[in-house]
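# Reading the structure
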Amino acid sequence: MTTKYNIGVDLGGTNVKIAIVDYDGHIVYSNSVPTRAEMGYEYTISNIITEIQTSLKETQIPKSDIGGIGFGLPGQVDYEKGLVHILPNIPGWINVPLGQIMEERFGLPTKADNDVNVATLGEFAHGAGKGAKDIVCITVGTGIGAGIIANGQMVRGASMAAGELGHMILKDQGGDICGCGQTGCLETLASGPSIVKLAHDYIMGGKSCKFKELAINTPITSQIVGEAANMGDAVSKRIFEIIGYWIGIALANTVNLLNPEKIVIGGGVAQAGDILFNPIRETIQKRSLKVAADAVEVVPAQLGESAGVVGASILANSNLVGSK
Ligand code: ADP
């Protein structure tokens, strides 16, 4: 059998990554082009088209060996129609019929989905979720997002908005206002910026902490707090315990609701490692029903930066993963 490939495109605010990925999830070609959002979406799409043509020419892969094209995008996307409703951080992308444009240009089936769903598909098919039928994949970075696969199917919901774990309300009264307009959301308690906020609170409280020494001429970031925690600094470790506790509470609710076999955690903050994973695991074990807690394994994401293109590449052949 000839090896078959898909094209995966991961559109970000600064760069667009484009890759040819085989059906086993191996990247055989990858490149990136600048997004240049200020030039309008037509400009970005035209650059993507040129790059896809270049990738096919350079690899000498005939178009007949390409199953389809998939896009991961940071915003609201109608998966069925390949229609991009809105990308909050990329101006100009409002109601763009991306699937239609690409299908007309290349004659290949094209699907688009939001970036967290796409990363979830990647981890499910070729990464840390491989072999499981029920997984929840969460990313903890500047915000918190999640994708759900239940019984081998991506859960998108009635208006394609499922998986917003960052907006699970964990405090019914008070708390900081979230970007969504509510208060008490997980994202206000446990994202990268919450780590920085806690770090400043500890400094204000007069605590001596390692991250203050590490960030002499630079602002404190969650990465620096993570470094200090991994060096053994007690205050920094406490910050990650608090963050891990809140993520663990949200995931204990998720475990009770969905009974997943694996919870895959990625995103920048997850790189802090065990100082974050341990309190998450402990809280899930303590706060969810035993029957569900016993069945779940909490693991780090495996695909890293390539989750976007690998996951996007799978979108177009839904029969590979039963994505809908
Ligand atoms: P995004 O901004 O798209 O969410 P990331 O998933 O890369 O991007 O997350 C960025 C966040 O992750 C920042 O707050 C950054 O400080 C934090 N971060 C990156 N590396 C680490 C690390 N090793 N430990 C803790 N936090 C980290």
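Anything mentioned here points back to the structure above.
## Points about the sheet that holds strand β1 (residues 5-11)
- Read from one edge of the open sheet, 5 strands run β3-β2-β1-β4-β8, paired in mixed fashion. The open sheet terminates on both sides in strands that have one partner only, identified here as β3 (27-34) and β8 (110-114). Going across the sheet, the axis of each strand differs from the next one's by a mean of 20°, ignoring polarity.
- Where strand β4 (residues 66-73) and β8 come together, 5 bridges link them in parallel fashion. Across the sheet, residue Gly72 finds its bridge partner in β8, namely Asp113.
- Sitting on the sheet, helix α2 (residues 98-106) is in contact with β4 and β8, with an inclination near 150° to β4.
- This element, helix α3 (residues 115-126), spans β4 and β8 of the sheet and lies at about 105° to β8.

## A few points about the site of the ligand
- As a matter of local geometry, the ligand sits amid Gly141, Thr142, Gly192, Ser222, Gln223, Gly267, Gly268, Val269, Gln271 and Ala272.
- Gln223 is positioned with one of its backbone polar atoms (N or O) 3.5 Å from an oxygen atom of the ligand.
- One of the backbone nitrogen or oxygen atoms of Val269 is found 3.4 Å away from an oxygen atom of the ligand.
- Isolated, the ligand exposes 570 Å² of accessible area, and the fraction of that covered by the protein chains is 61%.
- Within the shell around the ligand, the residues separate by chemical class into 2 nonpolar, 8 polar and no charged.

## A look at the packing of aromatic side chains
- Applying the stated rule across the entire model yields 2 aromatic pairs.
- Consider the rings of Tyr245 and Trp246, whose centres lie 5.2 Å apart with planes at 70°: the pair is edge-to-face.
- Using a relative accessible area of 33% as the deciding quantity, one classes Tyr245 as partly exposed.
- Directly above the aromatic system of Phe106 lies the positively charged group of Arg105, at a separation of 5.3 Å from the ring centroid.

Criteria and cut-off values
- Residues numbered from 1 in each chain as written.
- Predicted model: local features only at pLDDT ≥ 70, side-chain atom pairs only at ≥ 80, totals over all residues.
- Heavy atoms only, no water.
- Pairing = 2+ DSSP bridges.
- Helix = DSSP H or I, 4+ residues; strand = E, 2+ residues; numbered from the N terminus.
- Axes fitted to C-alpha atoms, helices over the stretch in contact; angles between N-to-C directions.
- Contact = heavy atoms within 4.5 Å.
- Near = heavy atom within 4 Å.
- Polar contact = N/O pair within 3.5 Å; in protein donor to acceptor, adjacent residues only side chain to side chain.
- Areas by Shrake-Rupley, 256 points an atom, 1.4 Å probe, with all protein chains shown as cover.
- Nonpolar A, V, L, I, M, F, W, Y, C, P; charged D, E, K, R; others polar.
- Phe/Tyr/Trp six-rings, centres within 6.5 Å; stacked < 30°, edge-to-face > 60°.
- Buried < 20%, exposed > 50% of the residue type's maximum accessible area, 1.4 Å probe, protein only.
- Lys NZ or Arg CZ within 6 Å of the ring centre and 35° of its normal.

That is the geometry; function is a separate question.
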